[in-house]
Amino acid sequence: MVTSRITGVLALQGGYARHIDVLRKLGAEAREVRTRQDLADCDSLIIPGGESTVFTKFLTNADGTPNDLHSDLRSFALTRPVMGTCAGLILLSENCGDNRVAPLGVLPVTVARNGWGRQTESFIEKLDLNPEAGFKKNTAPFEAVFIRAPRILSIGPEVRILASVSGRNGAAEPVMVAWKNILGLTFHPELAVDDARIHEWFLSGF
């Protein structure tokens, strides 16, 4: 896939480099985003996994109020395609239940940080991607890597569930959702081996 549009990856910390590698292998123009000007040059954005409390330190002033980059990220996410993975989903959410994090509040979901467990409880789950969202039917499951993954506790009425896993009580729990121009994942699609379906779908405009 080749595109002339610029996809930014927030590069304040976390796993941004792997996302950039995947995007470039797909033929996309990818750019690290660290400043307001970097963001202004982009047509779409990926907020990667990492540590949501550390992201918040880069996105708030000394008094804890959102800084200009936080405001610009929020404005960007309200109008242009954005994908948040793991900590990126936490930042996009309306509520994460942790006052150390200053989410952008643009995706109508409530999440729990580390809801699937700590580092030692990381796991890989084979996901069936929802064909109603545009993924091809009868294809191989997507091997999703969950590392200190957040859990999605609730979603707004217009949020689409694109993939789920069986929760601790046996009920299906969403791990990949979309709302308008925003895509949120509790896992790390950039770590899937030779499977860039989700990045490719994001680049297509989903």
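Structure: see above.
Residues numbered from 1 in each chain as written. Predicted model: local features only at pLDDT ≥ 70, side-chain atom pairs only at ≥ 80, totals over all residues. Heavy atoms only, no water.

Draft legend 1. Main features of the sheet that holds strand 3 (residues 44-47). Pairing within the open sheet is mixed, and its 7 strands lie in the order 2-1-3-4-12-11-10. Edge strands, defined here as strands with exactly one partner in the open sheet, are strand 2 (29-33) and strand 10 (160-166). The sheet shows a mean angle of 20° between the axes of neighbouring strands, direction not considered. Helix 1 (residues 16-25) rests against strand 1 (6-10), strand 2, strand 3 and strand 4 (82-85) of the sheet, and its axis sits at about 165° to strand 1. Strands strand 1, strand 3, strand 4 and strand 12 (182-185) of the sheet are contacted by helix 4 (residues 68-77), whose axis makes an angle of about 120° with strand 3. (Pairing = 2+ DSSP bridges. Helix = DSSP H or I, 4+ residues; strand = E, 2+ residues; numbered from the N terminus. Axes fitted to C-alpha atoms, helices over the stretch in contact; angles between N-to-C directions. Contact = heavy atoms within 4.5 Å.)

Draft legend 2. Looking closely at the sheet that holds strand 9 (residues 151-155). Reading across from one edge, 5-6-9 is the order of the 3 strands in this open sheet, with mixed pairing throughout. Each edge of the sheet is formed by a strand with only one pairing partner; in this case those strands are strand 5 (93-95) and strand 9. When strand polarity is set aside, the average angle formed by the axes of neighbouring strands in this sheet is 50°. Here 4 bridges tie strand 6 (residues 107-112) to strand 9, and the two strands are oriented antiparallel to one another. By the bridge assignment, V109 is partnered in strand 9 with I155.

Draft legend 3. Representation of helix 4. Along helix 4, the residues that are buried comprise L69, H70, L73, F76 and A77. The buried residues of helix 4 occupy an angular sector of 125° when the element is viewed end-on, so they sit on one face. Buried-residue contacts for helix 4 involve strand 1, helix 2 (36-40), strand 3, strand 4, helix 5 (87-92) and strand 12. Residue N67 occupies the N-cap position of helix 4, its side-chain oxygen lying 3.1 Å from the main-chain nitrogen of L69. (Buried < 20%, exposed > 50% of the residue type's maximum accessible area, 1.4 Å probe, protein only. Arc of directions from axis to C-beta. Polar contact = N/O pair within 3.5 Å; in protein donor to acceptor, adjacent residues only side chain to side chain.)

Draft legend 4. Broad picture of the environment of V175. Checked against the element boundaries, V175 lands in strand 11 (residues 172-179). Sequence separation of V175 and C86 is 89 residues, and the distance between their C-alpha atoms is 9.6 Å. What V175 contacts, discounting residues up to four positions off in sequence, is L127, F146, I152, A163, S164, V165, G184, L185, T186 and F187.

Draft legend 5. Looking closely at the packing of aromatic side chains. Using the criterion set out here, one finds 3 aromatic pairs in the structure. Both rings, one in F123 and one in F146, keep their centres 4.5 Å apart while their planes meet at 5°; by these two values the pair is stacked. You can see F123 sitting in strand 7 (residues 123-127) and its partner F146 sitting in strand 8 (residues 142-146), a full 23 residues away along the chain. Exposure remark for F123: the relative accessible area of 23% places this residue in the partly exposed category. (Phe/Tyr/Trp six-rings, centres within 6.5 Å; stacked < 30°, edge-to-face > 60°.)

Draft legend 6. Broad picture of the pairing of strand 12. Residues I182 and G184 of strand 12 are buried on one face, and the alternating residues L183 and L185, pointing to the opposite face, are buried as well. Where strand 4 lies against strand 12, 4 bridges are found, and the strand directions are parallel. Paired with M83 across the strands is L183, a residue of strand 12. Where strand 11 hands over to strand 12, the hairpin turn is made up of 2 residues, of which K180 adopts a positive phi near 55°.

Draft legend 7. Fine view of the side chain of H19. As for its placement among the helices and strands, H19 is situated in helix 1. Looking at H19, the relative accessible area reads 0%, which means it is buried. Within the local environment of H19, its side chain forms a polar contact with the side chain of E190, the two groups lying 3.2 Å apart. Once you skip the residues sitting within four places of it in the chain, H19 turns out to touch V9, I46, P48, T85, P189, E190 and H199.

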